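# Summary of structural features
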Amino acid sequence: MDNESPHGIPPELQVSVDTEIFVEGLKSPADQQQVQSALAALPGVESLTLIEMGFAIRHDPETVTQTRLCEVIAHAGFQVSEVKSASAFPTIDSAKENDLS
């Protein structure tokens, strides 16, 4: 139990989420840095990559939600234009699942 997350989830069951957040008004490297610093300071953010018009963020959804990520961006003075999210780990496809039966 020593390796469990603060939420009591064993490491092998923890799932990260990849979220792409597109931000309006990122016109300069200083703008990008301002938002990047604010997001990177959040607990639960595992990685942060600058993409065209926004950021790709891998995070623990139990620790930091998409809503919270968007709030931080808004607090930095920018508007979120779009959010896309997916599990950071692939799911078992149906062919493999059938092989396991």
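I will try to describe carefully the structure that is included in this document. These numbers were taken from a predicted model, which means no experiment stands behind them.

## Describing the pattern of salt bridges
- With the rule as written, the count across this model stands at three salt bridges.
- For the salt bridge of Asp18 with Arg58, the shortest nitrogen-to-oxygen distance reads 2.7 Å. Within this pair, whereas Asp18 is found in strand β1 (residues 17–24), its partner Arg58 is found in strand β3 (residues 54–59), the two being separated by 40 residues in sequence.
- Exposure remark for Asp18: the relative accessible area of 28% places this residue in the partly exposed category.
- Here Lys84 makes a salt bridge to Glu82, at a shortest N to O gap of 3.9 Å.
- For Lys84, a relative accessible area of 41% corresponds to the partly exposed category.
- Among the residues examined, Glu82 registers a relative accessible area of 38% and is labelled partly exposed.

Parameters at a glance
- Residues numbered from 1 in each chain as written.
- Predicted model: local features only at pLDDT ≥ 70, side-chain atom pairs only at ≥ 80, totals over all residues.
- Heavy atoms only, no water.
- Salt bridge = Lys/Arg side-chain N within 4 Å of Asp/Glu carboxyl O.
- Helix = DSSP H or I, 4+ residues; strand = E, 2+ residues; numbered from the N terminus.
- Buried < 20%, exposed > 50% of the residue type's maximum accessible area, 1.4 Å probe, protein only.

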